[in-house]
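Each chain is listed here by its residues.
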Protein chains: 2
Amino acid sequence: METKTLKSKKDEGFADEVERLKEPQQTGESHNEATIAPDLASDMDYGVLTELVGYCLRRAQIRIYQDFQEAMEPWAITPPRFSAMILIRNNTRMKLTELARAMGIARSGAVEVVNSLSKLGYVRRCHSPTDRRAYALELTETGGDVLQKVTVVVREHDARISARLSDDEHVQLRKLLNKLG
Amino acid sequence: METKTLKSKKDEGFADEVERLKEPQQTGESHNEATIAPDLASDMDYGVLTELVGYCLRRAQIRIYQDFQEAMEPWAITPPRFSAMILIRNNTRMKLTELARAMGIARSGAVEVVNSLSKLGYVRRCHSPTDRRAYALELTETGGDVLQKVTVVVREHDARISARLSDDEHVQLRKLLNKLG
DNA sequence: TATTGTTATACTCTATAACTATA
DNA sequence: TATAGTTATAGAGTATAACAATA
């Protein structure tokens, strides 16, 4: 399996960088530090933390994030990048500002996401004919193919992390999460 | 209300820095960017995202994080800092390595958290009499007072974000979250 | 004037790897 | 050799503020 990585740096080369993205990542696998287990340590007193929705949620998210990243490593897709690609595909001629709003992040953050997706060759900025300030975002052909493949993998990932939940519980959990805030 | 901030930089002064922590923060409040609304944009198509536990969870976490940070701003307490303080108080003579394990992060990350809490005057490293490599972590008197006050505020925060949930749902949600992974 | 995209800057959270002092 | 703490370095994710081009 190939593996992509994104270093942001200051854009050094270009073709150079895109090439480097496709090199297998130095995962280390060496002699050092044990990788972190994200479960609660049974010999510790967590006090009030276990009663807080926010804390339970954060622990769950750490576990989920790890599984997501491992599953997506070959494509260098992170959760925000995946969201962005879905939104760009599903909402034609989306502008960068709209993407930011849809994702709930600042415009400058959207620039970052689009830059990385653009370097990976998944997303393209097209000049809008009507407003010369604005771009219309769209998936490249590669981006479309990758998104299709990756969506399957994301669904598998979701099933994996929800493996101990019944279908009812899965629905219930999403319902409760959406009631938060 | 006073507001603390932590700049990590390269430790410039010391007393200087501690003083600066207590200065009210330049919140801006100026003419610029609208602050982000973390709700789903109703005019966008989110496709598969709404069916994924991971995505619902991430959106919920963004909302929760924002409320947490606003509530904790006067003390410069972030979620990991709060967890660390609870763990340090509840597990006497905790070592840094144990803290890292309890929090599910790398040791270097625990150093960061302890450094910031130490700069804020909330946590102290005490030399262990038995093992001269190790420290015993403990709350300062200020840290203890702050933690007591802040725990009340965190409980209020948790109640606020769970306001649309019944008690049963609150329990259920935590149960389901703990089944994930 | 307001908006679009962008850049500069900064801060948090996290990781890996290598170092030091001790055990 | 192994462990405790630390530092150096890196990268993702996010934010605010200011800017140029365009509306």
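Residues numbered from 1 in each chain as written. Chains lettered and ligands numbered in written order. Predicted model: local features only at pLDDT ≥ 70, side-chain atom pairs only at ≥ 80, totals over all residues. Heavy atoms only, no water.

Let us look at the overall build of chain A. Within chain A one finds seven helices and two strands. Seen in sequence order, chain A has helices and strands lined up from the N terminus as α-α-α-α-α-β-β-α-α. Entry remark: accessible area of chain A is about 10200 Å², with carbon and sulfur atoms responsible for 49%. (Helix = DSSP H or I, 4+ residues; strand = E, 2+ residues; numbered from the N terminus. Areas by Shrake-Rupley, 256 points an atom, 1.4 Å probe, with all protein chains shown as cover.)

With that settled, consider the relation of the copies chain B and chain A. For the match of chain B to chain A, the screw axis carries a shift of 0.0 Å, the RMSD comes to 0.1 Å, and the turn is 180°. What the superposition gives is, in effect, a two-fold axis relating one chain to the other. Minimal C-alpha distance to the rotation axis in chain B is attained by B:Leu173, lying at 3.2 Å. (Least-squares fit on C-alpha atoms with pLDDT ≥ 70 in both.)

The next thing to look at is the nonpolar core. If you look at the biggest cluster of nonpolar residues, it comprises 40 residues, and the most contacted ones within it are A:Met72, A:Phe82 and A:Leu99. Counting only elements with at least two residues in this core, the list comes to helix H2 (53–72), helix H3 (79–90), helix H4 (96–103), helix H5 (107–119), strand S2 (135–139) and helix H6 (141–161) of chain A. The greatest single-element share of this core, amounting to six residues, is contributed by H3(A). Setting aside chain neighbours within four positions, we find A:Phe82 in contact with A:Phe68, A:Ile77, A:Leu147, A:Val150, A:Thr151, A:Val154, B:Val48, B:Leu49 and B:Leu52. Core analysis: the next-biggest nonpolar cluster, separate from the first, contains 39 residues, B:Leu87, B:Met94, B:Leu99 and B:Leu147 among them. (Core = buried A, V, L, I, M, F, W, Y, C linked by side-chain atoms within 4.5 Å. Buried < 20%, exposed > 50% of the residue type's maximum accessible area, 1.4 Å probe, protein only. Contact = heavy atoms within 4.5 Å.)

Considering all chains together, one arrives at 12 salt bridges over all chains under this definition. Ionic pairing is found between A:Asp131 and A:Arg133, a salt bridge with its closest N-O pair at 3.1 Å. For A:Arg133, a relative accessible area of 74% gives the class exposed. Linking A:Lys179 and B:Glu169 is a salt bridge whose minimum nitrogen-to-oxygen distance equals 3.1 Å. One end of the pair, A:Lys179, is in helix H7 (residues 167–179); the other, B:Glu169, is in helix H7 (residues 167–179), on a second chain. A:Lys179 sits in the partly exposed class, given a relative accessible area of 25%. Under the relative-accessibility criterion, B:Glu169 is labelled buried at 16%. (Salt bridge = Lys/Arg side-chain N within 4 Å of Asp/Glu carboxyl O.)

Of all residues in chain A, 79% have pLDDT values of 70 or greater, and the mean over the chain is 84. Here residues 7–32 of chain A scores under 50 on pLDDT; set against residues more than four positions off or in separate chains, the count is 23 contacts. (pLDDT = per-residue confidence, 0-100.)

Here the focus is the interface of chain B and chain A. Listed per partner, the contact involves 59 residues of chain B and 60 residues of chain A. Together chain B and chain A conceal approximately 6100 Å² of surface at their shared face, both sides included; 59% is due to carbon and sulfur atoms. Put simply, chain B and chain A have six salt bridges between them. With a closest N to O distance of 3.2 Å, B:Arg101 and A:Asp43 form a salt bridge. Taken together, the connections running from chain B to chain A amount to 22 residue pairs in polar contact (both at pLDDT 80 or more). Going through the elements one at a time, helix H2 (53–72), helix H3 (79–90), helix H4 (96–103), helix H6 (141–161) and H7 of chain B are the ones with two or more residues in the side of chain B that touches chain A. Of the residues forming the side of chain B that touches chain A, the biggest block, 11 residues, is contributed by H2(B). Taken together, the residues of the side of chain B that touches chain A break down into 30 nonpolar, 13 polar and 16 charged. (Buried area = accessible area lost by both parts, 1.4 Å probe. Polar contact = N/O pair within 3.5 Å; in protein donor to acceptor, adjacent residues only side chain to side chain. Nonpolar A, V, L, I, M, F, W, Y, C, P; charged D, E, K, R; others polar.)

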